[in-house]
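Observations on the three-dimensional arrangement
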Amino acid sequence: MAYRLGEVILSRDTIARRVKELAEEIANDYGKDKSIVVVGILTGAAFFLTDIVRELPEDIDVRVDFMSVASYGDNTESSGVVRIFHDLKSSIEGKHVIVVEDIVDSGLTLSHLIGLLEGRHPESLKVCVLLDKYERRKTEVKVDYCGFRIPDKFVVGYGLDYAGKWRHLKDIKYVVAE
Ligand code: 5GP
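Residues numbered from 1 in each chain as written. Predicted model: local features only at pLDDT ≥ 70, side-chain atom pairs only at ≥ 80, totals over all residues. Heavy atoms only, no water.

Read from one edge of the open sheet, six strands run S4-S3-S2-S5-S6-S7, paired in mixed fashion. Looking at the sheet topology across the chains shown, the edges are occupied by strand S4 (84-86) and strand S7 (145-149). Taken over all neighbouring pairs, the strand axes of this sheet differ in orientation by 30° on average, direction set aside. The sheet contact formed by strand S5 (residues 96-104) and strand S6 (residues 124-132) spans eight bridges and is parallel. Along S6, the bridge assignment pairs Ile98 with Lys126. Sheet contacts for helix H2 (residues 45-54): strand S2 (35-42), strand S3 (61-69), S5 and S6; angle to S2, the most-contacted strand, approximately 155°. (Pairing = 2+ DSSP bridges. Helix = DSSP H or I, 4+ residues; strand = E, 2+ residues; numbered from the N terminus. Axes fitted to C-alpha atoms, helices over the stretch in contact; angles between N-to-C directions. Contact = heavy atoms within 4.5 Å.)

This brings us to the sheet that holds strand S8 (residues 155-156). Whether parallel or antiparallel, the strands of a sheet pair through hydrogen bonds between backbone atoms. Here we have three strands laid out as an open sheet, ordered S1-S9-S8, and antiparallel in their pairing. Two strands close off the open sheet at either side, each with one partner strand: strand S1 (3-10) and S8. In this sheet, strand S9 (residues 172-177) lies alongside S8 in antiparallel orientation, the contact comprising two bridges. Counted as the bridge partner of Val156 is Lys173 from S9.

Here we come to the packing of aromatic side chains. Tallied over the entire structure, the rule returns two aromatic pairs. Taking the centre distance of 5.0 Å and the plane angle of 55° together, the rings of Tyr3 and Tyr162 count as tilted. Of this pair, Tyr3 sits in strand S1 while Tyr162 sits in the loop between S8 and S9, and the two are 159 residues apart along the sequence. By relative accessible area, Tyr3 is classed as partly exposed at 32%. (Phe/Tyr/Trp six-rings, centres within 6.5 Å; stacked < 30°, edge-to-face > 60°. Buried < 20%, exposed > 50% of the residue type's maximum accessible area, 1.4 Å probe, protein only.)

Next up on the list: the nonpolar core. Counting 31 residues, the largest nonpolar core has Phe48, Ile52, Leu131 and Ile172 as the members making the most contacts within it. If one sorts the elements of this core by residue count, helix H1 (residues 12-30) sits on top with seven residues. Ignoring any residue separated from it by four or fewer positions in sequence, one finds Leu131 in contact with Leu10, Asp102, Ile103, Val104, Phe148, Ile150, Val155, Leu160 and Ile172. Membership of the second largest hydrophobic core comes to 19 residues, among which are Val37, Val97, Val129 and Val141. (Core = buried A, V, L, I, M, F, W, Y, C linked by side-chain atoms within 4.5 Å.)

Once that is clear, we can look at the pattern of salt bridges. Across all of its chains, the model carries 13 salt bridges by this definition. The residue Asp59 makes a salt bridge to Lys32 at a minimum N-O spacing of 3.6 Å. Of this pair, Asp59 sits in the loop between H2 and S3 while Lys32 sits in the loop between H1 and S2, placing them 27 residues apart in sequence. The exposure class assigned to Asp59 is partly exposed, which follows from its relative accessible area of 44%. Counted as one network, the salt bridges with shared partners bring together Asp105, Arg136 and Asp152. (Salt bridge = Lys/Arg side-chain N within 4 Å of Asp/Glu carboxyl O.)

With that settled, the discussion passes to the site of the ligand. With respect to spatial proximity, 18 residues lie near the ligand, and among them Ser106, Thr109, Lys133, Val155 and Asp161 are the closest. Relative to its unbound accessible area of 510 Å², the ligand is 95% covered by the protein chains. Mapped by element, the contributors of at least two residues to the shell around the ligand are S5 and helix H3 (108-118). Ranked by residue count, the leading element in the shell around the ligand is S5, at four residues. When grouped by side-chain class, the residues that make up the shell around the ligand number seven nonpolar, five polar and six charged. (Near = heavy atom within 4 Å. Areas by Shrake-Rupley, 256 points an atom, 1.4 Å probe, with all protein chains shown as cover. Nonpolar A, V, L, I, M, F, W, Y, C, P; charged D, E, K, R; others polar.)

As structure tokens, then:
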């Protein structure tokens, strides 16, 4: 089946406004005295992460690290198996960690990942997601910062892909089958 881009669900302006608000929340919660490690889950969350950290005040002590894990292949169902392709560069032991993910759907990817990172003994661990497809949850995941709750439809853009395509879109759009 062929797919094409559908309507805009979240415009670039709407996303930018919410990203600012989330950064303010994070800055208020952590303050200037705590060092934060922001862990982005490649590839999708890289776009959201770079926008959010640049909205943090200059005097916040923030480091950025990335991990790459397996989630979706070229289809639209999660396997629930998390495989690490690329691990963090630095230890998170004793650190305040914020995991940044593009979207939480069944919750399987994030809950596996949280378990794995908690096993590395961070001082604290919070989760920040841009999009939450709450209707599809198969396992409970604690989301501390959420951009938008969205309906159960496949979306692309602003880092989110379909089979590697459409990550570069500035808006988030639905994908429709032709
Ligand atoms: P979960 O394990 O929560 O079911 O899946 C999370 C992963 O599924 C996300 O990191 C993302 O890669 C992918 N995913 C879930 N829904 C969508 C969607 O609507 N669009 C895109 N592009 N990816 C999605």
